[in-house]
Amino acid sequence: MREELEIGLCTRAAAKINLGLFVGPARADGMHELVSVMQSISLADELTLELAPAGSSQDVVVCPGVPGPAAHNLAARALSLFRGATGWDAPALRLSIDKRIPLAAGLAGGSTDAAGTLRLAAHASGLGEHTLLERLAGELGADVPAALTPGRWLAGGVGERLEPLPNPIGSLGLLVLPVAHELSTAAVYAHADSLQTVRSQRELEDKRRALVTVLSLGTPAPSSDLLTNDLQRAAVDLCPEIKKVLRQAADSGADEVLLSGSGPTVIGLFLRANPLARVARAIAGLPERVPEPIAAEAVGGEFGAVWRRGASQSIGI
């Protein structure tokens, strides 16, 4: 095991967008029931797990550009939870995160890092059945279970009830437009509650069935009425800049425009002929935008493969 860790293990942690987000009433624990399609995209952080420097007595997490103690981030908690659940007594480890997903952007950057950490720990240790990883992911947060295996998932409950959906047939081009503001997910949900925009359980079930019907054959994206994000109004109220960015995405030629999760990132979907080339042209038309626009596409499970640093072939998902 020590030899493998000295080499280092790597994985990509894919960002997530919501292709439709329908929000129901708050439960007794304060969490909201929801129905959403969670789609992994090629915008991703890169994680590396290796032995900590000599003399280290505890695991070290290094994540440049992220404020606050690295030991308090969700990936550090994932590694600690994995050790506790499996009894893994490896020497002190160093987890390095090359952060490419914008912070507090509604793209599940922290959640996908935590899921990637669980994958790395399972491969490095040879411990941890997938059912255990799913349980630990659920303890870490509602968006983490879907990130364990990148792809397309229909989420229910608070995000923990997952049903796999086929990957889209053909390319799904994405224009990712970050916004230079941070939004608290809790604040957006609280404002949505105050606006009384939540749906009934029956409405949620109707949306779930409609999404399954539309996407079960690999359709690139749901129809416009199923791409609704119930948090968008609340997010725009809290961050009016979002409205301008939604217009910018539409003007770039996107076929559909939506807010990602609780925001503030805006996504333009390119669905028709040559979607990736059209995304590239859209970005070329925004040469001075800050933050810079990002091109991405939908990805599946193979995107979350684990590989040894310096190797040309993955060693598993």
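Predicted model, so just to flag it, every value in this text is computed and none were measured.

Draft legend 1. Quick peek at the sheet that holds strand S10 (residues 294-297). Strand order across the open sheet formed by 4 strands is S8-S9-S7-S10, with antiparallel pairing between neighbours. Pairing within the sheet leaves two strands with one partner each, and these edge strands are strand S8 (256-259) and S10. If you compare each strand with its neighbour and ignore which way they point, the axes differ by 25° on average. In terms of strand pairing, S8 meets strand S9 (residues 266-270) through 4 bridges, oriented antiparallel. By the bridge assignment, Leu 258 is partnered in S9 with Ile 267. Helix H9 (residues 241-251) contacts strand S7 (173-177), S8 and S9 of the sheet and is inclined by roughly 155° relative to S8. Running over the sheet, helix H10 (residues 275-284) touches S7, S9 and S10 and is turned about 25° from S7.

Draft legend 2. Examining the pattern of salt bridges more closely. The final tally for this structure, using the stated rule, is 19 salt bridges. One salt bridge in this structure joins Arg 272 and Asp 255, with 2.7 Å as the shortest N-O distance. Residue Arg 272 is found in the loop between S9 and H10, and its partner Asp 255 is found in the loop between H9 and S8; the two are separated by 17 residues along the sequence. Residue Arg 272 is classed as exposed on the basis of its relative accessible area of 57%. Where salt bridges share partners, they join Arg 27, Asp 29, Glu 33 and Arg 161 into one cluster.

Draft legend 3. A look at the packing of aromatic side chains. Enumeration according to the criterion identifies 1 aromatic pair in this entry. When the ring centre of Phe 303 is taken as origin, the NZ or CZ atom of Arg 12, which lies over that ring, is 3.9 Å away. Sitting above the plane of the Trp 88 ring, Arg 83 keeps its charged end 5.2 Å from the centroid.

Draft legend 4. Here's a closer look at the environment of Gly 116. In this structure, Gly 116 sits in helix H3 (residues 109-125). Gly 116 sits in the buried class, given a relative accessible area of 0%. Separated by 106 residues in the primary sequence, Gly 116 and Cys 10 have C-alpha atoms spaced 9.0 Å apart. The contacts of Gly 116, once residues within four sequence positions are left out, are Thr 11 and Leu 47.

Draft legend 5. Quick peek at the packing of helix H2 (residues 74-86) against helix H4 (residues 130-140). Remark: H2 packs on H4, axes separated minimally by 10 Å, with the N-to-C direction vectors making an angle of 135°. Judged by the angle between their axes, H2 and H4 are oblique. You can see that H2 and H4 cross each other, and the crossing is right-handed. Where H2 abuts H4, its residues Leu 74, Arg 77, Ala 78, Leu 81, Phe 82, Ala 85 and Thr 86 lie against Leu 132, Leu 133, Arg 135, Leu 136, Glu 139 and Leu 140. Its residues assigned to classes, the contact of H2 with H4 comprises 9 nonpolar, 1 polar and 3 charged.

Draft legend 6. Spatial organisation of H2. Between its terminal C-alpha atoms H2 stretches 18 Å, which fits the 18 Å expected from 13 residues at 1.5 Å a residue. The complete set of buried residues in H2 reads Ala 75, Ala 76, Ala 78, Leu 79, Phe 82 and Arg 83. Buried residues along H2 cover an arc of 160° about the axis, so they all sit on one side. Taken together, the buried residues of H2 touch strand S3 (60-62), strand S4 (93-98), H3 and H4. Two or three places before Ala 75, at the start of H2, stands the capping residue Asn 73, its side-chain oxygen 3.1 Å from that residue's backbone nitrogen. After H2 finishes, the residue Gly 87 shows a positive phi value of roughly 75°.

Definitions and limits used
- Residues numbered from 1 in each chain as written.
- Predicted model: local features only at pLDDT ≥ 70, side-chain atom pairs only at ≥ 80, totals over all residues.
- Heavy atoms only, no water.
- Pairing = 2+ DSSP bridges.
- Helix = DSSP H or I, 4+ residues; strand = E, 2+ residues; numbered from the N terminus.
- Axes fitted to C-alpha atoms, helices over the stretch in contact; angles between N-to-C directions.
- Contact = heavy atoms within 4.5 Å.
- Salt bridge = Lys/Arg side-chain N within 4 Å of Asp/Glu carboxyl O.
- Buried < 20%, exposed > 50% of the residue type's maximum accessible area, 1.4 Å probe, protein only.
- Phe/Tyr/Trp six-rings, centres within 6.5 Å; stacked < 30°, edge-to-face > 60°.
- Lys NZ or Arg CZ within 6 Å of the ring centre and 35° of its normal.
- Parallel < 35°, antiparallel > 145°, perpendicular 65-115°, else oblique.
- Left-handed = near helix turned anticlockwise from the far one by under 90°.
- Nonpolar A, V, L, I, M, F, W, Y, C, P; charged D, E, K, R; others polar.
- Expected span 1.5 Å × (residues − 1).
- Arc of directions from axis to C-beta.
- Polar contact = N/O pair within 3.5 Å; in protein donor to acceptor, adjacent residues only side chain to side chain.

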